[in-house]
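Notes for the structure review
Here is what each chain is made of, one letter per residue.
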2 protein chains.
Amino acid sequence: MRDVAVIGIGMTKFGELWEKSFRNLFVEAAKAAMTDAGVDKIDSMYIGCMSGGLFVGQEHIGSLMADYLGVAPIPATRVESACASGGVAFRQAYIEVASGMSDVVLAGGVEKMTDVDGGMATYALATAADADYEGFHGATFPGLYAMMASAHMAKYGTTSEMLASISVKNHANGNLNPFAQFPSKITLEGVLNSTMVADPLHILDCSPVTDGAAAVIVASLDVAKKLGAPIVRIIGSGQATDSIALHGRDDITTINAAKVASQKALQQAGLSINDIDFAEVHDCFSIAELIVLESIGVFEPGKAGAAILDGYTARDGKFPVNPSGGLKSKGHPVGATGVAQIVELTKQLRGTAENGRQLANAKRGLAQNMGGTGGSSTVHILEA
Amino acid sequence: MRDVAVIGIGMTKFGELWEKSFRNLFVEAAKAAMTDAGVDKIDSMYIGCMSGGLFVGQEHIGSLMADYLGVAPIPATRVESACASGGVAFRQAYIEVASGMSDVVLAGGVEKMTDVDGGMATYALATAADADYEGFHGATFPGLYAMMASAHMAKYGTTSEMLASISVKNHANGNLNPFAQFPSKITLEGVLNSTMVADPLHILDCSPVTDGAAAVIVASLDVAKKLGAPIVRIIGSGQATDSIALHGRDDITTINAAKVASQKALQQAGLSINDIDFAEVHDCFSIAELIVLESIGVFEPGKAGAAILDGYTARDGKFPVNPSGGLKSKGHPVGATGVAQIVELTKQLRGTAENGRQLANAKRGLAQNMGGTGGSSTVHILEA
């Protein structure tokens, strides 16, 4: 397999974007990435999108986007793994370039979630859970993650304050991200006093419903060098699955798919988690970030909460997490999220993160993207 | 890139399968393919599915199926390109093995379409067209293909009898396929006298709504040889896109995505269409088979109709097409169709097609799968 690099990045502002259509969101991000890479031609593309059918009544998404981007008849494939769809799109682009089949491939992600009413958005998202055994009984994601949070609290003494501190940190980071949906700073008290959605999760423990798109250009290292672009190498890629139903897991206080995916990616890179400088992880709920950090080995099980409260994962902490603002503050257009994580890693590794958001020591970053309650996960490791 | 072979095949009977769930359909086909290949372990898998969201309220399909197949935590990715989703899944499995990343990969496809009412099925399928410009105005696929048929008739003098002869041939083939949904033989008069769905297309010009799944195991040639399985090599893979809206095409009497995909696949194989012995093509409507055969160069534009009426594409003709019965007789569970085409190619190339359906001269076969009215297409060439 060939060496592969990220040579271009682009994304739309995330938010409730009434003036931008599904296809226009994708094209805006894709054009930005191509411009950033300095290429006007790509060999093929992959698009992460969770549920074009339910959110916008549109499937056949690869071809639609290739046409509107003006690159047809190149191959264009939509991939789906619920909220990990973007991570999977990036991995497919990586595999295709590594294989030698293509030299320059676009990996994008898009979701337009706000053009349906709230009930439909909740239903569409719930299709990431087991429709026959979870959805059938009315389980939706705030409730499922609330069960995980309750179990973690019972087993390890994790507190609501620890969870709230994750949201506070992510909003502090998102406050400096011009692409963030909710850049406002929030406080511990603000989170703890916000509306309870599913005990113990308050509304400020939950990521929002968002419209947005992100795209990156992936190329062989040889092509990247010829283009003279700033090069960020992809040195590890992992993907794993698990029961998408919580009842199918041995232990709901850990996420095995994230663990396996990170092990695979680290193994490929020949590194341990201690060799990584920072991470973007999938904080669809505050408890998700906490459990993921324990699952990928940043903390021992049960130890993340106190450390996070103590600033370990802040921008100036020992292991910064979600310098972009994460899903919580930046927003979570589900199909785009995994690609937006790669955009942030690339910015940090290039040293170009905006507004003083740049980390002091960013040589190697890890992106962890996740579907549902952890039924799927991808992990990628990038190096400056 | 490494040499790659198909080493195992499996499929469910196609039909209105009330007793089999979405997940069970996939597992049945996947287990059959693994048994056929003699493997109890796979490295990863791809699943073609067009609209789990609209047909069964289920996304996150890769992980769900990996779990129920008992192979989690391996990577599992659902891919979508409308009715070409299965062909794309096969291509992704091919790329992953060719890259050297994996040795044994499953490519499957599944759709359960009959658990919704007819209006919903028509709506779900219409999401393969342009939702904003075609779907918005009420266009659905029988109407869109009827426009293509009318244009072809006006330009070339193609007749309803020529179209009907395609359905008659495909039912004659499907009559010998134990997996076919509608194995009954039909007559030219029967087609021409059947209900008009969208002038000039009668109901017997249209493929049905179907439940079903298909799966194949793809492996590196080295692994295939070690396993001692009958080897069918993948010698060409092509994929292409086009406007998914008919109004975006220069000419609706040809399908450019099929043309480009077949050129790519033939180029990779170092062959011309004259070197191919038979094909499975995407006959979602009778006119589709006719236009595809012209687009991939089996016939000159405007020449397919008369030749087909004359038996050129019959089982004992010069270039047999859809020996499986095609989508028309075998059935069309959209996500599974592209993989089921590979199942048929493999049977023919192994010399194991059932019930006297075996072709006399089957050394190289071509499978052409298509999304929508030709907004996407894959072409694969397999060799015994």
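1. Quick look at the overall build of chain A
- When its secondary structure is counted, chain A shows 14 helices and 11 strands.
- For 384 residues, the compact-globule estimate of 2.2 N^0.38 gives 21 Å, and the C-alpha radius of gyration of chain A, at 19 Å, lies within 12% of that figure.
- For chain A, the spread of C-alpha atoms along the three principal axes comes to 55 × 45 × 40 Å.
- Buried positions account for 66% of the 384 residues belonging to chain A.
- A separation threshold of at least 6 residues defines the contact pool for chain A, and within that pool the share at least 24 residues apart is 78%.

2. Some details on the packing of helix H6 (residues 141-156) of chain B against helix H11 (residues 286-295) of chain B
Residue and element names in this part refer to chain B.
- Interaxial distance between H6 and H11 falls to 9 Å at its minimum, and their mutual angle equals 55°. Considering the angle they form, H6 stands oblique to H11. For the pair H6 and H11, the sense of crossing is left-handed. In contact with Tyr145, Met148, Ala149 and His152 of H6, H11 contributes Ile287, Ala288 and Ile291.

3. Some details on the environment of Gly335(A)
Residues and elements named next belong to chain A.
- Here Gly335 shows up in helix H14 (residues 334-350).
- C-alpha of Gly335 to C-alpha of Cys83: the two residues are 252 residues apart in sequence and 5.8 Å apart in space.
- Residues in contact with Gly335, not counting those within four places in the same chain, are Gly48, Cys49, Met50, Ser85, Gly86, Gly109, Val110 and Glu111.

4. Comments concerning the interface of chain B and chain A
- In this assembly, 55 residues from chain B lie in contact with 55 residues from chain A.
- Only helix H2 (52-56), helix H3 (61-69), strand S3 (76-80), helix H4 (85-99), strand S8 (232-241) and helix H10 (256-269) of chain B provide two or more residues apiece to the side of chain B that touches chain A.
- Grouping the constituent residues of the side of chain B that touches chain A by class yields 25 nonpolar, 23 polar and 7 charged.
- Direction of pairing for strand S3 (residues 76-80) of chain A relative to S3(B): antiparallel, over a ladder of 3 bridges. Of the residues in S3(B), the one forming a bridge with Val79(A) is Val79(B).

5. A few points about unusual backbone geometry
Residues and elements named next belong to chain A.
- For the peptide bond that leads from Ala72 to Pro73, omega is 15°, which places it in the cis range.
- You can see Pro73 is positioned in the loop between helix H3 (61-69) and S3.
- Residue Asn355 is not a glycine yet carries a positive backbone phi of 60°.
- Within the secondary structure layout, Asn355 lies in the loop between H14 and strand S10 (364-371).

6. Structural notes on helix H10 (residues 256-269) of chain A
All names here are of chain A.
- Between its first and last C-alpha atoms H10 spans 20 Å; for 14 residues at 1.5 Å apiece the expected length is 20 Å, and the two agree.
- Buried within H10 are the following residues: Ala257, Ala258, Lys259, Val260, Ala261, Ser262, Ala265, Leu266 and Ala269.
- Buried positions along H10 lie against strand S8 (232-241), helix H11 (286-295), S10 and strand S11 (376-383).
- Backbone geometry just downstream of H10 places Gly270 in the positive-phi region, at approximately 70°.

7. Things to note about the nonpolar core
- In terms of nonpolar packing, the biggest core is built from 283 residues, with Val216(A), Ile217(A) and Val216(B) touching the most fellow members.
- Once you skip the residues sitting within four places of it in the chain, Ile217(A) turns out to touch Ile7(A), Gly8(A), Ala33(A), Met34(A), Ala37(A), Val39(A), Ile42(A), Val104(A) and Leu106(A).

8. Observations concerning the relation of the copies chain B and chain A
- Mapping chain B onto chain A calls for a rotation angle of 180° and an axial translation of 0.0 Å; the resulting RMSD is 0.0 Å. Given the turn and translation reported, the copies of this chain are related as if by a two-fold rotation axis. Of the C-alpha atoms belonging to chain B, the one lying closest to the rotation axis is found on Ser99(B), 1.9 Å away.
- Interface overlap between copies is the fraction of interface residues in one copy that are interface residues in the other; for chain B against chain A it reaches 100%, indicating a shared surface.

9. Let's talk about the environment of His202(B)
Residue and element names in this part refer to chain B.
- Structurally, His202 can be placed in strand S6 (residues 201-202).
- Looking at His202, the number of C-beta atoms within 10 Å reads 21, which means it is buried.
- Once the C-alpha coordinates of His202 and Leu163 are considered, the two residues, 39 residues apart in sequence, prove to be 9.8 Å apart.

10. What to know about the domain arrangement of chain A
All names here are of chain A.
- With domains assigned, chain A is organised as domain 1 (4-117 + 210-232) and domain 2 (139-206 + 234-383).
- Each of domain 1 and domain 2 has a C-alpha centre, and these two points are 23 Å apart.
- Looking at the side of domain 1 that touches domain 2, the elements with two or more residues in it are strand S1 (4-11), helix H4 (85-99), strand S4 (104-112) and strand S7 (211-220).
- When residues in the side of domain 1 that touches domain 2 are grouped by element, the largest group, 8 residues, is from H4.
- Of the residues belonging to the side of domain 1 that touches domain 2, the class tally is 24 nonpolar, 10 polar and 4 charged.

11. Structural notes on the pairing of S1(A)
Residue and element names in this part refer to chain A.
- For S1, a buried count of 8 out of 8 residues is recorded, marking the element as mostly surrounded by other parts of the structure.
- Judged from the 7 bridges that link them, S1 and S7 form a sheet pairing that is antiparallel. By the bridge assignment, Ala5 is partnered in S7 with Ala219.

Rules and cut-offs
- Within each chain, residue numbers correspond to sequence positions counted from 1 in written order.
- A letter from A marks each chain and a number from 1 marks each ligand, given out in the order of writing.
- Where totals are concerned, whole chains, interfaces and linings use all residues; where local detail is concerned, this predicted model gives features only for residues with pLDDT of at least 70, and gives and counts side-chain atom pairs only at 80 or more.
- Numbering goes from the N terminus for both helices and strands, where a helix is a DSSP run of H or I of at least four residues and a strand is a run of E of at least two.
- Atoms considered for the radius of gyration are the C-alpha atoms alone. The globule rule reads 2.2 Å times the number of residues to the power 0.38.
- Between the buried cut of 20 or more and the exposed cut of 12 or fewer other C-beta atoms within 10 Å of a residue's own C-beta lies the partly exposed class, and all C-beta atoms are placed from the backbone.
- A pair of residues counts as a contact when their C-beta atoms, built from backbone coordinates, are within 7 Å of each other.
- Note on method: axes are straight lines fitted to C-alpha atoms, helices fitted across the in-contact stretch only, with angles between N-to-C directions ranging 0 to 180 degrees.
- Should an angle fall under 35 degrees it is taken as roughly parallel, and over 145 as roughly antiparallel, whereas 65 to 115 is taken as roughly perpendicular and any remaining angle as oblique.
- By definition, any crossing whose near helix is turned counterclockwise from its far helix by less than a right angle is left-handed, and any crossing with a clockwise turn is right-handed.
- Following the grouping adopted for this structure description, the nonpolar residues are Ala, Val, Leu, Ile, Met, Phe, Trp, Tyr, Cys and Pro, the charged ones are Asp, Glu, Lys and Arg, and the polar ones are all others, Gly among them.
- A pair of strands is considered paired only if DSSP assigns at least 2 bridges between the two.
- Any helix carries an expected span of 1.5 Å times its number of residues minus one.
- Buried Ala, Val, Leu, Ile, Met, Phe, Trp, Tyr and Cys residues whose C-beta atoms connect them within 7 Å together make up a nonpolar core.
- A residue counts toward the fit only if its pLDDT is at least 70 in both copies, and the copies are then superposed by least squares on the C-alpha atoms of those residues.
- All domain edges in this entry derive from an automatic or database-based domain assignment.

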